[in-house]
Amino acid sequence: MTARTGPREARRWIRTATAGQGPPTVFLVLRRMRAPLIVLIVIFSVSVLGLTLVPGQDADGRVTHLSVFDAFYFMSYTATTIGYGEIPHAFTDGQRMWVVASIYLTVIGWAYAIGSLLTLLQDRAFRQALALQRFIRTVARLREPFLLIAGYGQTGQLLGRSFDLLGRRFVVIDTNSERVDALDIDAYHADVPGLAGDAGNPQTLEQAGLGHPYCEGVLALTDDDEVNLAVTMAAALLRPELPVYARTVAPSIEHRMTAFGSPTVVNPFDRYGDHLRIALRAPASYQLMSWLESGPGAELPPRGTPPGAGRWVLCGYGRFGRELIEDLHAEGIEVTVVDMATAAKPEPSIVVGDGSEPGVMTSADLEHAVGFVAGTDNDTTNLSLVAAARRISPDLFVVSRQNRPETAPLFAAMRVDSLLVPADLVARRIYAQLSTPLLWRFLLEMPELGDEWAQRMILRLRRHCGRHLQALWTTTLDAQGAPALVPWLGGGEVTLGELLRAREDRERRLDVVPLLILRDDEATLGPGDDFRLAAGDRLLFAGEPRDHRALLETLHIEHLSEYVLTGRQVPASWLWRRLTRTQLSNPRS
């Protein structure tokens, strides 16, 4: 089953997903309301039976008895406080005494039943059951591709807002009910179904749409690596054709994830180490990478000034510290570790103690270091470490780790040279892969082209886009994506520069920058205007939205492509071309 099957498969999944979900709610209501219902039924039955047994009189004074139907009818409108009167004859005193007793018993029964019902409506299990049913029905009604996001913390929220701007639907699972409830008040363009539950439970994933034919991917973004592993395993076993993107900070968990299919695993500590190596070796490449990863609307970040050769001091020898030390050693950088560890290790050297204490920093010889890393899992500690390090050596290249979003203003005020925000790094990586797959290919291959090439690409982007990144889009030169251009591509004479001319004045070039051209899995990054296009090419562009629309018109409208490529002005309509005896010169005509 693919992610975009038809309505028949959708209906089949709906029947499977909802099977067994309705009866538990009904059984819960019947179980909690069993005693009140039994009391009402007993009271009503005794009242009807007694009314048939108590003798009455007809208009002639003869003794009569109400039939079971008449007694049932009378008690029905009496017990419901409607009251049509005594039927079929006026009641005797005995009948009226019985009716009075029945009325008081019925009132007591209704009070007991209504009280039990109100208690049930306030019951947490009942509300959860109703919310689950409502959630399953909402997911079942989805008729467009959606992503399943397990974990709606900082990373999930960043990706959710980005996907919403792209018009992509998603479904959320999170153990925190407050985050799920906040989905109803967040300013999303479309309703976002949310379920408060354990994403590590395969049944919960099924309820959230893992088996839905329109589910197009799974994102495991919780703060628990074991839960992310469970989500990856469930998706690989139940829907092996779906792409899975998982977050983890433990290399052992990453290896276990890759044993199930081929998920895309993002380790923010390992990724940051790679980024830092690029920033130290090629600052322009890192600047370009950060800009493009941030997405449309992002401002060009400042280019960092890497420190010279020398020793670094790192505070915090946890998972992040170990990952970063490996990357720094790979660059040939000596590292001194400051940590509260009790056991000394020969490599790397460790200074035991609290890094915020001046004596400990003196032991680490911070005055003669060129770089400093505050890498603990506590933001207050990291801020104090940065302040203490700068007091000793103001010219240090400072790297810090930010763990909580609330402390972002404090780190911004500290003006650290390089900041790791794990949630933000994971979100940008996954966004780059899901939003525009060719952008991910560009980011992977771009560092190999060198820092000078990156500087030239930044200048091109600034010239056509300004300091804020504009739209990013992908175009395929085939019969669907470029029907008016394909006939011109057979001879291999159409160049990229000719295609990027304005439709109203071909002497003006569109404010569009080609970032990558993919042909038969061979990528060309930053192609020049003399690059010759071919049918089937996939192109990644960055540029102004208005020029994006202009390029689309050139690719789809024949007379516009005729003018852009040859300079010939031809009528737009076929009839007018016949009347003026003007023909299109493209090869198809």
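Predicted, not measured: the structure shown is a model, and the values here were computed from it.

A few words now on the overall build of the chain. Each helix and strand in the chain was counted, giving 24 helices and 18 strands. A sequence separation of at least 24 residues applies to 66% of the contacts in the chain between residues at least 6 apart. When the accessible surface of the chain is totalled, it reaches about 28,900 Å², and 55% of it is carbon and sulfur.

This part is about the side chain of Asp164. Within the secondary structure, Asp164 is located in helix H7 (residues 154–165). Buried and unpaired, Asp164 has Arg169 as its nearest opposite-charge partner, separated by 6.9 Å. With sequence-adjacent residues up to four places away left out, Asp164 is seen in contact with Phe170, Ala187, Tyr188, His189 and Ala190.

What the rule picks out here adds up to 24 salt bridges. Between Asp225 and Arg319 there is a salt bridge, with its nearest N and O atoms 3.9 Å apart. Here Arg319 lies in helix H14 (residues 319–330) and Asp225 lies in helix H10 (residues 225–238), a separation of 94 residues in the sequence. Here Arg319 falls in the partly exposed class, since its relative accessible area comes to 49%.

Both trends apply: most residues other than glycine have a negative phi, and most peptide bonds are in trans. Look at the link from Ile87 to Pro88: it is a cis peptide, with omega at -15°. Within the fold, Pro88 resides in the loop between helix H4 (68–79) and helix H5 (93–121). Of note, Arg415 is a non-glycine position whose phi angle comes to about 55°, a positive value. Secondary-structure assignment places Arg415 in the loop between helix H17 (408–414) and strand E14 (418–420). For Asp521, which is not glycine, the phi dihedral falls at a positive 65°. Residue placement: Asp521 occurs in the loop between strand E16 (512–519) and strand E17 (522–525). For Asp521, a relative accessible area of 59% gives the class exposed.

Taken together, the six strands give an open sheet; going across it, the order is E5-E4-E3-E6-E7-E8, and neighbouring strands pair in parallel fashion. In the strand order of this sheet, the two ends are held by strand E5 (194–196) and strand E8 (264–266), each with one partner. Pairs of neighbouring strands in the sheet enclose a mean axial angle of 15°, with direction left out of account. Pairing of strand E7 (residues 244–247) with E8 involves three bridges; the strand directions are parallel. What sits directly across from Arg247, in E8, is Val266.

Right, let's talk about the packing of H7 against helix H18 (residues 422–435) for a bit. Where H7 meets H18, the closest approach of the two axes is 8 Å, and the angle between their N-to-C directions is 35°. The element H7 and its partner H18 pack so that their crossing is right-handed. Between H7, through Gln154, Thr155, Leu158, Leu159, Ser162 and Phe163, and H18, the contact on the second element is made entirely by Ala423, Asp424, Val426, Ala427, Ile430, Tyr431 and Leu434. Taken together, the residues that form the contact of H7 with H18 break down as nine nonpolar, three polar and one charged.

What follows covers the sheet that holds strand E15 (residues 471–476). As summarised here, the arrangement of the four strands in space is E15-E18-E16-E17, forming an open sheet in which the pairing is antiparallel. Strands with a single pairing partner mark the edges of an open sheet, and in this sheet they are E15 and E17. On average, adjacent strands in this sheet sit at an angle of 20° to one another, irrespective of strand direction. Alignment of E15 against strand E18 (residues 538–543), held across six bridges, turns out to be antiparallel. Opposite Trp473, over in E18, you have Phe541 as the bridge partner.

Take a nonpolar patch on the surface next. A cluster of nonpolar residues, Trp110, Ile114, Leu117, Leu118 and Leu121, forms a patch on the protein surface that exposes about 460 Å² of accessible area. Here Trp110 lies in helix H5. We classify Trp110 as partly exposed; its relative accessible area is 37%.

Time to look at the environment of Gly160. When you line up the elements, Gly160 lands in helix H7. Beyond its immediate stretch of four places on either side in the chain, Gly160 contacts Phe170 and Tyr188.

As a further point, take the pairing of strand E6 (residues 215–220). Of all the six residues making up E6, six are buried; the element is thus mostly covered by neighbouring parts of the structure. Here five bridges tie strand E3 (residues 146–150) to E6, and the two strands are oriented parallel to one another. Along E6, the bridge assignment pairs Phe146 with Cys215.

What follows is about the packing of aromatic side chains. Enumeration according to the criterion identifies 13 aromatic pairs in this entry. Pairing Phe442 with Trp453 gives two aromatic rings, centres 6.0 Å apart and planes at 45°, and the pair type is tilted. With Phe442 in helix H19 (residues 437–445) and Trp453 in helix H20 (residues 451–465), the pair connects residues that are eleven residues apart, well separated along the chain. Residue classification places Phe442 among the buried positions, given a relative accessible area of 0%.

Below, the discussion takes up the packing of H18 against H19. In contact at an axis separation of 4 Å, H18 and H19 are set at 125° when each is read in the N-to-C sense. As summarised for this structure, H18 and H19 are arranged oblique, according to the angle between their axes. Residues Arg429, Ala432, Gln433, Leu434 and Ser435 of H18 pack against Pro437, Leu439, Trp440 and Leu443 of H19. Across the contact of H18 with H19, the residue classes tally to six nonpolar, two polar and one charged.

Procedures and definitions
- Residues numbered from 1 in each chain as written.
- Predicted model: local features only at pLDDT ≥ 70, side-chain atom pairs only at ≥ 80, totals over all residues.
- Heavy atoms only, no water.
- Helix = DSSP H or I, 4+ residues; strand = E, 2+ residues; numbered from the N terminus.
- Contact = heavy atoms within 4.5 Å.
- Areas by Shrake-Rupley, 256 points an atom, 1.4 Å probe, with all protein chains shown as cover.
- Buried < 20%, exposed > 50% of the residue type's maximum accessible area, 1.4 Å probe, protein only.
- Lys, Arg positive; Asp, Glu negative; His and termini not counted.
- Salt bridge = Lys/Arg side-chain N within 4 Å of Asp/Glu carboxyl O.
- Pairing = 2+ DSSP bridges.
- Axes fitted to C-alpha atoms, helices over the stretch in contact; angles between N-to-C directions.
- Left-handed = near helix turned anticlockwise from the far one by under 90°.
- Nonpolar A, V, L, I, M, F, W, Y, C, P; charged D, E, K, R; others polar.
- Patch = residues over 30% accessible without salt bridge, like charges linked within 9 Å, V, L, I, M, F, W, Y side chains within 5 Å.
- Phe/Tyr/Trp six-rings, centres within 6.5 Å; stacked < 30°, edge-to-face > 60°.
- Parallel < 35°, antiparallel > 145°, perpendicular 65-115°, else oblique.

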